[in-house]
Amino acid sequence: MSYQGKKNIPKITSDRLLIKGGRIVNDDQSFHADIYMEDGLIKQIGDNLIVPGGVKTIEANGKMVIPGGIDIHTHFQMPYRGTTTVDDFAQGSKAALAGGTTMIVDHVIPEPGTSLMEAYDQWRQWADEKTCCDYSLHVDITHWDDSVKQEVDNLIKDKGVNSFQVYMAYKDYYQLSNSQLYEVFTFLAERGGIVQVHAENGEIIAEEQARMLQMGITGPEGHVLSRPEELEAEAVFRAVTIASQTNCPLYVTRVMSKSAADIISQARKKGNVVFGEPITASLGTDGTHYWSKNWAKAASFVTSPPLSPDPTTPDYLNTMLASGDLSVTGSAHCTFSVAQKAIGKDDFTQIPEGVNGVEERMALIWDKAVTTGKMDENMFVAITSTNAAKILNLYPRKGRIAVGSDADLIIWDTDSVRTITAKTHNSAAEYNIFEGMELRGAPLVVICQGKIVLEDGKLQVTSGVGRFIPCSPFPDFAYKRVKARKQLAVLRAVPRGMYDGPVSEFSMSRGGTPSASARTSPTKQPVRNLHHQSGFSLAGNPAACGPPTPDEVPIRPAGRRIVVPPGGRSNITSLS
Amino acid sequence: MSGYQGKKNIPRITSDRLLIKGAKIVNDDQSFCADIYMEDGVIKQIGENLIVPGGVKTIDAHGRMLMPGGIDVHTRFQMPDRGMIAADDFYQGTKAALAGGTTMILDHVVPEPGVSLLSAFEQWREWADSKSCCDYSLHVDLTEWHKGIQEEMETLVKDHGVNSFLVYLAYKDIFQLTDAQVYEVFSVIRDLGAIAQVHAENGDIVAEEQRRILEQGITGPEGHVLSHPEEVEAEAVNRSVTVANQTNCPLYVTKVMSKSAADVIAQARKKGTVVYGEPITASLGTDGSHYWSKNWAKAAAYVTSPPLSPDPTTPDYLNSLLSCGDLQVTGSAHCPFNTSQRAVGKDDFTLIPEGVNGTEERMSVIWDKCVVTGKMDENQFVAVTSTNAAKIFNLYPRKGRIAVGSDADLVLWDPDVTKIISAKSHHSTVEYNIFEGTEVRGGPLVVISQGKIVLEEGNLHVTEGSGRFVTRKPFPDYVYKRIKARSRLAELRGVPRGLYDGPVCEVSVTPKAMTPVSSAKTSPAKQPSQPVRNLHQSGFSLSGAQVDDNIPRRNTQRIVAPPGGRANITSLG
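Residues numbered from 1 in each chain as written. Chains lettered and ligands numbered in written order. Predicted model: local features only at pLDDT ≥ 70, side-chain atom pairs only at ≥ 80, totals over all residues. Heavy atoms only, no water.

- The name given to chain B in an unreviewed UniProt entry is Dihydropyrimidinase-related protein 2, with Oryzias melastigma as the source organism.
- What UniProt records for chain B under Sequence similarities (unreviewed entry) is the sentence "Belongs to the metallo-dependent hydrolases superfamily. Hydantoinase/dihydropyrimidinase family." (UniProt positions renumbered as here; feature names shortened; annotations may be inferred.)

- If you look chain A up in an unreviewed UniProt entry, it shows as Dihydropyrimidinase like 3 from Oryzias melastigma.
- Per UniProt, chain A carries the Sequence similarities (unreviewed entry) text "Belongs to the metallo-dependent hydrolases superfamily. Hydantoinase/dihydropyrimidinase family."
- UniProt annotates chain A under Function (unreviewed entry) with the comment "Necessary for signaling by class 3 semaphorins and subsequent remodeling of the cytoskeleton. Plays a role in axon guidance, neuronal growth cone collapse and cell migration."

1. Quick word on the overall build of chain B
1) Next: Within chain B, the regular secondary structure consists of 17 helices and 18 strands.
2) Next: Burial status across chain B gives 61% buried among its 573 residues.
3) Next: Nonlocal contacts in chain B, meaning residues at least 24 apart in sequence, comprise 78% of its contacts between residues at least 6 apart. (Helix = DSSP H or I, 4+ residues; strand = E, 2+ residues; numbered from the N terminus. Buried < 20%, exposed > 50% of the residue type's maximum accessible area, 1.4 Å probe, protein only. Contact = heavy atoms within 4.5 Å.)

2. Comments concerning the overall build of chain A
1) Next: Counting its secondary structure elements, chain A contains 17 helices and 18 strands.
2) Next: Relative to its full complement of 576 residues, chain A shows a buried share of 61%.
3) Next: A sequence separation of at least 24 residues applies to 78% of the contacts in chain A between residues at least 6 apart.
4) Next: Accessible surface, chain A as shown: approximately 21600 Å² in total, 52% of it carbon and sulfur. (Areas by Shrake-Rupley, 256 points an atom, 1.4 Å probe, with all protein chains shown as cover.)

3. Digging into the UniProt feature "domain: Amidohydrolase-related" (unreviewed entry) in chain B
1) Next: In the numbering used here, UniProt assigns the "domain: Amidohydrolase-related" (unreviewed entry) feature to residues 65-454 of chain B.
2) Next: Secondary structure content for residues 65-454 of chain B is 39% helix and 19% strand, while the C-alpha to C-alpha distance between its ends is 17 Å.

4. Notes on the environment of Leu321 of chain A
All names here are of chain A.
1) Next: Looking at the secondary structure, you find Leu321 in helix α11 (residues 313-323).
2) Next: Of the residues examined, Leu321 reaches a relative accessible area of 0% and is grouped as buried.
3) Next: Among residues more than four places away in sequence, those in contact with Leu321 are Pro278, Leu283, Leu326, Ser327, Val328, Thr329, Met375, Met379 and Ile383.

5. Here's the deal with the state of the cysteines
Residue and element names in this part refer to chain A.
1) Next: Scanning all chains against the criterion turns up zero disulfides over all chains.
2) Next: With no disulfide of its own, Cys133 has Cys448 as its nearest cysteine by sulfur position, at a separation of 5.5 Å.
3) Next: For Cys133, a relative accessible area of 0% gives the class buried.
4) Next: Left unpaired, Cys248 is separated from the closest cysteine sulfur, that of Cys471, by 16 Å. (Disulfide = S-S within 2.5 Å.)

6. So, the side chain of Ser137 of chain B
Residue and element names in this part refer to chain B.
1) Next: Take Ser137: it is sitting in strand β10 (residues 135-142).
2) Next: Taking the relative accessible area as the measure of exposure, Ser137 reaches 0% and is therefore buried.
3) Next: Within the structure, Ser137 has its side chain in polar contact with the side chain of Arg472 (distance 2.8 Å).
4) Next: Non-local contacts of Ser137, meaning those with residues more than four positions away in its chain, are made with Met104, Ile105, Leu106, Asp107, Gly161, Phe469, Val470 and Arg472. (Polar contact = N/O pair within 3.5 Å; in protein donor to acceptor, adjacent residues only side chain to side chain.)

7. Considerations on the UniProt feature "domain: Amidohydrolase-related" (unreviewed entry) in chain A
1) Next: The residues that UniProt annotates with the feature "domain: Amidohydrolase-related" (unreviewed entry) are residues 64-453 of chain A.
2) Next: Across residues 64-453 of chain A one finds 39% helix and 19% strand; the C-alpha atoms that close the span lie 17 Å apart.

8. Topic: the sheet that holds strand β11 (residues 164-168) of chain B
All names here are of chain B.
1) Next: Taken together, seven strands build an open sheet; the order of strands is β6-β9-β10-β11-β12-β13-β14 and the sheet is parallel. Every other strand in the sheet has two partners, leaving β6 (70-75) and β14 (275-279) as the edge strands with one partner each. Between one strand axis and the next, the sheet turns through 25° on average, direction left out of account.
2) Next: Where β10 meets β11, three bridges bridge the pair, whose relative direction is parallel. The residue bridging Val140 from the neighbouring strand is Phe165, located in β11.
3) Next: Packing of helix α14 (residues 378-392) onto the sheet brings it into contact with β6, β12 (195-199), β13 (251-256) and β14, and relative to β6 it is tilted by some 60°. (Pairing = 2+ DSSP bridges. Axes fitted to C-alpha atoms, helices over the stretch in contact; angles between N-to-C directions.)

9. Digging into the pattern of salt bridges
Residue and element names in this part refer to chain B.
1) Next: This model, assessed by the stated rule, comprises 60 salt bridges over all chains.
2) Next: Note that Glu154 is salt-bridged to Lys158, the shortest N-O span being 3.7 Å. Here Glu154 and its partner Lys158 are both found in helix α3 (residues 147-159), four residues apart, which amounts to about one turn of the helix.
3) Next: Residue Glu154 is classed as partly exposed on the basis of its relative accessible area of 28%.
4) Next: A relative accessible area of 60% means that Lys158 is categorised as exposed. (Salt bridge = Lys/Arg side-chain N within 4 Å of Asp/Glu carboxyl O.)

10. Comments concerning the pairing of strand β16 (residues 438-448) of chain A
Residues and elements named next belong to chain A.
1) Next: Taking burial as the measure, the eleven residues of β16 include eight buried ones, the bulk of the element.
2) Next: Note that β16 and strand β17 (residues 451-455) share three bridges and pair antiparallel. Residue pairing in the sheet places Val446 in a bridge with Leu454 of β17.
3) Next: Taken together, β16 and the strand that follows it, β17, pair antiparallel across an intervening segment of two residues, in which Gln449 is found at a positive phi of about 55°.

11. Points about the confidence of the model for chain A
Residues and elements named next belong to chain A.
1) Next: The pLDDT averaged across chain A works out to 87; a share of 86% of its residues lies at or above 70.
2) Next: Confidence drops under pLDDT 50 across residues 1-13; counting only partners more than four residues distant or on other chains, this segment forms 22 contacts.
3) Next: Within the model, the stretch residues 511-576 combines pLDDT values under 50 with 59 contacts to residues more than four positions away or in other chains. (pLDDT = per-residue confidence, 0-100.)

12. With respect to the packing of aromatic side chains
How two aromatic rings sit relative to each other is set out by the distance from centre to centre and by the angle between their planes.
1) Next: Tallied over the entire structure, the rule returns 33 aromatic pairs over all chains.
2) Next: With a centroid separation of 6.1 Å and an interplanar angle of 85°, the aromatic rings of Tyr120 of chain A and Phe468 of chain A are classed as edge-to-face. In this pair, Tyr120 of chain A is assigned in helix α2 (residues 116-130) and Phe468 of chain A in the loop between β18 (458-459) and α15 (476-488), connecting sequence segments 348 residues apart.
3) Next: Classification of Phe468 of chain A by relative accessible area gives buried; the value is 2%.
4) Next: Three or more aromatic residues link up through ring pairs in this structure, and these residues are Phe76, Phe89, Tyr120, Tyr135 and Phe468 of chain A.
5) Next: The ring of Tyr170 of chain A has Arg227 of chain A sitting right over it, with the charged end atom 5.7 Å from the ring centre.
6) Next: Looking at Lys259 of chain B, its charged tip hangs above the ring of Tyr317 of chain B, at a distance of 5.3 Å from the centre. (Phe/Tyr/Trp six-rings, centres within 6.5 Å; stacked < 30°, edge-to-face > 60°. Lys NZ or Arg CZ within 6 Å of the ring centre and 35° of its normal.)

13. Quick word on the sheet that holds strand β10 (residues 134-141) of chain A
All names here are of chain A.
1) Next: Strand order in the open sheet formed by seven strands is β6-β9-β10-β11-β12-β13-β14, with parallel pairing between adjacent strands. Edge positions in the sheet fall to β6 (69-74) and β14 (274-278), since each has one partner strand and no second. When the angles between neighbouring strand axes are averaged without regard to direction, this sheet yields 25°.
2) Next: Pairing geometry for strand β12 (residues 194-198) and strand β13 (residues 250-255), over four bridges, is parallel. Note on β13: the bridge partner recorded for His198 is Thr253.

14. Some remarks on the environment of Met375 of chain A
Residues and elements named next belong to chain A.
1) Next: By the secondary structure assignment, Met375 is in the loop between α13 (361-370) and α14 (377-391).
2) Next: Considered as a pair, Met375 and Ala322 are 53 residues apart in the sequence and their alpha carbons are 5.2 Å apart.
3) Next: The residues touching Met375, leaving out its near neighbours within four places in the chain, are Asn318, Leu321, Ala322, Ala369, Val370, Phe380 and Ile383.

15. Re the confidence of the model for chain B
All names here are of chain B.
1) Next: Overall, the prediction assigns chain B a mean pLDDT of 88, with 86% of residues at 70 or greater.
2) Next: No element of chain B has a lower mean pLDDT than helix α16 (residues 516-522), at 37, and none a higher one than β13, at 98.
3) Next: In the model, residues 1-14 has pLDDT below 50 throughout and makes 27 contacts with residues more than four positions away in sequence or in other chains.
4) Next: Long-range and interchain partners of residues 511-549, a stretch whose pLDDT sits below 50, account for 44 contacts in this model, where long-range means more than four residues apart.
5) Next: Confidence metrics for the complex model read pTM 0.82 and ipTM 0.77.

16. Quick look at helix α8 (residues 259-270) of chain B
Residue and element names in this part refer to chain B.
1) Next: Here α8 spans 16 Å end to end across twelve residues, near enough to the 16 Å set by a 1.5 Å rise per residue.
2) Next: Those residues of α8 that sit buried are Ser260, Ala261, Ala262, Val264, Ile265, Ala266 and Ala268.
3) Next: Backbone geometry just after α8 places Gly272 at a positive phi near 100°. (Expected span 1.5 Å × (residues − 1).)

17. Considering the packing of helix α7 (residues 230-247) of chain B against α8 of chain B
Residue and element names in this part refer to chain B.
1) Next: Close contact between α7 and α8 brings their axes to 7 Å; oriented N to C, the two are set at 20°. Classified by the interaxial angle, the pair formed by α7 and α8 is roughly parallel. As α7 packs across α8, the resulting crossing turns out to be right-handed. In this structure, α7 uses Glu230, Glu233, Ala234, Val237, Asn238 and Val241 to contact α8, whose residues at the interface are Lys259, Ser260, Ala261, Val264, Ile265 and Ala268. (Parallel < 35°, antiparallel > 145°, perpendicular 65-115°, else oblique. Left-handed = near helix turned anticlockwise from the far one by under 90°.)

18. Observations regarding the pairing of β11 of chain B
Residues and elements named next belong to chain B.
1) Next: Of all five residues in β11, five are buried, a share of seventy percent or more.
2) Next: Once the chain exits β10 it traverses α3 before rejoining the sheet at β11, and the crossover so formed is right-handed.
3) Next: By the bridge criterion, five bridges tie β11 to β12 in an arrangement that is parallel. Bridge pairing in β12 places Leu166 opposite Gln197. (Right-handed = clockwise from strand over helix to strand, strands pointing away.)

Here you go:
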């Protein structure tokens, strides 16, 4: 097992647990069997299992036993301008477990200009101290240069990170240019990483924000008015284009609108390797609340991309999830208190962004998608757990009930009905964006690392038991196709005779600013000289004297002239 | 006639009188048989048994189609490129246009970045006035963006009869504007009532791809198309549609070269965007397979941006979209260079000057591909070759229609003539014709420009310098009726709320924006959000009237709180 070493790892005591009479639900099938767990692993699955005496036994009574949920997108304990989100790793992962999620994947957000590695270590430290369930980390790339490149390389090789998020929004802060995106995508495609994008056109948002404020719109409605869903769709489209160009698997975080989902769906139909992640908020509620007269309530919905004011959006996204056009679900759980949100009381652009959803995710999707008949329980497992495990390359350790997999399980009660309210939720925030919503379906028993953490409505979590689960690069789920395409994508030049006709005089400078281009993209001229100027060198490099490898063969060797028809043409530029 | 710009040596339009008898007059809405009488370059009478002065020159049409002369909305005659000049100047170019049945061209003024728009405009006027053989008008390209450009645009619209400006999303570090700049340009264009034209390709990705392709040792013209994949074109079209929607600005996509780009335009129109797509002769008539030709000079002759698509089904697809109205206008983007000029890029495809021929072939290629095949009728043909262009650019009905009072720019069309296109017989000066060997059915029999016969019995009689600059007014109805209605609806309102009076968290003072310098440099017109907000901080000022006096202040909105008041509006609920 590849657990990362941790100083004070609480010894996983020899917990033995038997679940009898459950209906096991994986993403591919459901079947009746008993499950025996020991030391946090599933040891046996079947009927009439031979188990040691005195084992604690849970009678499932035919209820569904499903793999614990994986919330692939959280922001616990996230620093924001000197404050921190109200749910730290303890509070956040507790809420997760209460809702049936047994693993979370948090985002490391380095300040632009600071080291990725240091930020990663910081997040590891915070999470190791406090998390109550297993976790992994995405690392966000908030600026791009050679040292970042090196750090990304190290994070992939040594630190168990295989996914990196880039921002197309937050102009002059996190936002990367198209050229930088191209470079990041190219680099990660080589190293087997997954590119995640925060897809919104930051340039236009900045313009729109200025316009809104100029018009005197300063409340939370300005947030959604300055970030129309077209800007989300546009950025998704652009990201798909770059990913397709660089043959890099793409993962779109926070799919919030119908148009963005449509672009992803279209791209998948065209063969792009792209995954879309709607979040609890976009699946469960809409953006009409931004117009609430209660400022604090309206502000609690502020997140980016914003919730769509179109009330048909949640239903649409649930359908896309059911049809497989969207692949995974997260919560983007990132909660601020009202006092923190009030930083932007006079200016919506200053409101800290983020909504709750880690606790509600599983029940909400069950209610919206399974009870309505959009998807069956197997698809439910796929989009709440299995697909995420596959993308993170943690499958089948996570995301499946199988012998040898981690004992992260839920006994799911399809009949329980609960009303969501901030009064009873496990988050520390004063508002819950799903306030008053009645949901059918809830976890009855939650088992994390082979231990019961939720039973009879009682939550018993232990802060700090959560382990960091390293993710390795080149997940098959994404990269099998990418690798096959790479082999096909070799480009060839046309073998031609040399052009030997007249050449016009011209001036190199196009009147523009060549210095700017030299900075961002290494100039073409030097590259060319390396390859074509001359077939040999005087510099006595012995390696160059041997028979040239295919790479070193000049592209237009003089020998190619033989393609000219016998008798020859004096000038290949003649009309033909 | 109103609207002609004064010209020093304008050749007096002599009292040419012309009668065409027995023609089938084809407009975009209907066809009918009538005689037509012209005088002083203007259509004076249409009907039967016209009463005309004696001794008028008469052409007997024998029931053939008489159509409005073609309008080529996109030419680049005499275009400078790195010290070279495109092979066809305004004389050669307009001569070729007339030979093909096009009686008006719209050329692009391309100011070098750093050069004033007005002086570039004057330069183009001078070139065109001295050489052009048919009426012309000018688009102005915006190759950089700052406050001064905005003022020059206003002057061009108000005083110089320009109503269309082109921005580049490609040519990184030369012509390319950022998204934020494009947003600002579109906002200005909308306020001026002009048309935003866009060269749609993602220049950032193209630059990266060019580098990658060169690194792989691919230096020939095939590298051009490999580094400009059609997805990159579609992406930029999609982005410009987004910005146009956001700014409520009419959009015109020049050089639609690929199926995917056309699809994005078609989809956007279905969603209600005011967007027009311009395929060109090249994309309607040939494809990008020739970039792999073993003849370097031939391959190089096809180099243009966006490139011709290597997908051979593209021309047919674009012709279909033109027929169903998803694409509306056609140009040629005629900008050919001769082989020795192209050879500047013989070792590096990125240096090959870009542009293809097509002004002469445009009408015949479309007739052959669309009308002969039954995709469109002759009325739609008139729409896409002439009328729509006149409407979009506010020349209608002076141009683009056969009606009393319209200019006498006419073509008598022969649907049966067949011709094989060849560089040996074309009117352009370049050695290659990208349609070489293509057999097209349909061509002009007689061409009348400014009321004078310029093509008859295969003989071309053009007069250098006779072309007039035609001014265009802003706010063309065809485009702006919808835009105006939408801008009335698009007013946004804030939510009247009580003031938030709960606790506020302390924050460190570091602003959200880390590097304001870079944004300030690129977009001078934009206000950083902070200063804008400060205007609202206080309800009054000692310095008299403020620009934002019309904006309602938040403190007046307190009255919307319920009578009796709520102690704390942040209470749950």
